[in-house]
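Residues per chain are reported as follows:
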Amino acid sequence: MEATIADKPVSSKPVKKKKSLIKRLKPLLWLTVIIPTGLSSFYFGSVASDIYISESSFVVRSPSNKSALTGFGAMLQGTGFSRSQDDAYTVQEYMRSRTALEQLQQILPVKEYYESKGDVLTRFNGFNLNDSQETFYRYFKERLVIDLDSVSGIATLRVRAFDAEEGQKINTELLKQGEDLINRLNERARKDTLEYATRAVNDAEKNVTKTADALSKYRVKNKLFDLPAQSGVQLSLISSLKSELIRVETQLAQLLSITPDNPQVSALQMRQKSLKTEIEQQTKQLAGNTGNSTAMQSADYQRLVLANELAQQQLTAAMTSLQNTRGEVDRQQLYLEVINQPSKPDWALEPYRLYNVLATFFIGLLVYGIMSLLVASIREHQN
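In this text the structure is predicted, and so the values were computed from the model without any measurement.

1. Points about the overall build of the chain
Part 1: Summing up its helical and strand segments, the chain has 11 helices and 5 strands in all.
Part 2: The burial tally for the chain puts 34% of its 383 residues in the buried class.
Part 3: If you take every contact in the chain between residues at least 6 apart in sequence, the share linking residues at least 24 apart comes to 74%.

2. Thoughts on the nonpolar core
Part 1: Counting 34 residues, the largest nonpolar core has Phe 58, Tyr 114, Phe 140, Leu 157 and Ile 170 as the members making the most contacts within it.
Part 2: Contributions of two or more residues to this core are made by β1 (52–62), α3 (85–95), α4 (98–107), α5 (110–115), α6 (133–142), β3 (144–148), β4 (154–161) and α7 (164–222).
Part 3: For this core, the element with the highest residue contribution is α7, accounting for 5 residues.
Part 4: Among all residues touching Phe 140, those that are not within four sequence positions of it are Leu 101, Leu 104, Val 110, Tyr 114 and Ile 170.
Part 5: Counting 9 residues, the second-largest nonpolar core is a separate cluster that includes Ala 197, Ala 204, Ala 318 and Leu 322.

3. So, the packing of aromatic side chains
Part 1: Overall, the coordinates contain 10 aromatic pairs when judged by the stated rule.
Part 2: Judged by centre distance (5.5 Å) and plane angle (55°), the ring pair of Phe 124 and Tyr 139 falls under tilted. Here the residue Phe 124 occupies a position in the loop between α5 and α6, and Tyr 139 occupies one in helix α6, the gap between them amounting to 15 residues.
Part 3: Three or more aromatic residues joined by ring pairs form one cluster here, namely Tyr 114, Phe 124, Phe 136, Tyr 139, Phe 140 and Phe 162.
Part 4: Lying across the ring of Tyr 139, Arg 143 places its NZ or CZ 3.8 Å from the centre.

4. As for the side chain of Ser 49
Part 1: Tracing the sequence through the fold places Ser 49 in the loop between α1 (2–47) and β1.
Part 2: For Ser 49, a relative accessible area of 18% puts it in the buried group.
Part 3: Setting aside chain neighbours within four positions, we find Ser 49 in contact with Gly 118, Asp 119, Phe 162, Glu 350, Pro 351 and Arg 353.

5. Notes on the packing of α4 against α6
Part 1: Two numbers describe how α4 lies on α6: the axes approach to 11 Å, and their chain directions differ by 100°. Viewed along their axes, α4 and α6 adopt a mutual orientation that is roughly perpendicular. The segment α4 lies against α6, with Arg 98, Leu 101, Leu 104 and Gln 105 engaging Gln 133, Glu 134, Phe 136, Tyr 137, Arg 138 and Phe 140.
Part 2: Here the contact of α4 with α6 is built from residues that sort into 5 nonpolar, 2 polar and 3 charged.

What counts as what
Residues numbered from 1 in each chain as written. Predicted model: local features only at pLDDT ≥ 70, side-chain atom pairs only at ≥ 80, totals over all residues. Heavy atoms only, no water. Helix = DSSP H or I, 4+ residues; strand = E, 2+ residues; numbered from the N terminus. Buried < 20%, exposed > 50% of the residue type's maximum accessible area, 1.4 Å probe, protein only. Contact = heavy atoms within 4.5 Å. Core = buried A, V, L, I, M, F, W, Y, C linked by side-chain atoms within 4.5 Å. Phe/Tyr/Trp six-rings, centres within 6.5 Å; stacked < 30°, edge-to-face > 60°. Lys NZ or Arg CZ within 6 Å of the ring centre and 35° of its normal. Axes fitted to C-alpha atoms, helices over the stretch in contact; angles between N-to-C directions. Parallel < 35°, antiparallel > 145°, perpendicular 65-115°, else oblique. Nonpolar A, V, L, I, M, F, W, Y, C, P; charged D, E, K, R; others polar.

Printed below as a string of structure tokens:
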């Protein structure tokens, strides 16, 4: 009997201690697991709005790109064009920009799509705290996802919306804006390139006109038409005069040796003197040091002729370059090719209701376990 009475208080202490531990842990279990899981089940089960994802894919291609490709990019190259990945990044950033959103709002009531539908936690400005354009831009940017495959160069555009048709409309308009951007880039590149080539042709034409005018004025001033031909005439004249002088001198020498008193001697001497004077004048005119001499005029004339010929060659090269540039610009056009048209989903992919509830439950259990260990450690140190 005494042993039984003695045993009772000994066995009741662990039971009381266990019960007190359960009492201490129950509030923690409610706070970390039961209440969060219940709220998560209520929200995702009856409050959370369905979210539809409209998906499309596109590739930016360029016929002049000869880079090595794999996968779908190789197939594109086989059809006569190839991807242009750098420009795909440009389109991607543009679609996520404020400018794209502003242009989109001019066509579609995008803000109304996200403000009038959806539950209070997921729709825009659910608590009426901030209705600014910057806030909506940040909100819309989170609903827009663009993934670019670096191997194939294919970009996938996903738009999240509370209505399937509205998401499809937004996706379609964003693709149109991306195509408009590519067209503007093409037009700007074409305009700048052709403008430079055309300006080079205009400058060459002005240079040809300038050098031709200078050459024409020089010819009129110096009474020259074809200097090489005129020089040839002068050389031929000098050669004829020298031949005539040699004949006269030979005849004069014969007369002086045979009949010095012959009356023809004086006539031949006069003829000799006249020929020498004429030869000297023609020689000075052809190769003298004066500014009117053909030799002095030849340097200026050849310089002007050479300048005109160079100007004509530059004009020919500029016109050829312009023609080639036009063909090259047309060949280097970029294109936004839509591979998959924007989809209109018939069922909501998000939110992941069961997944989110289970995630809340397991995270709560993890937090509960960590907090329980902390509570037990604190109690142990206190004891």
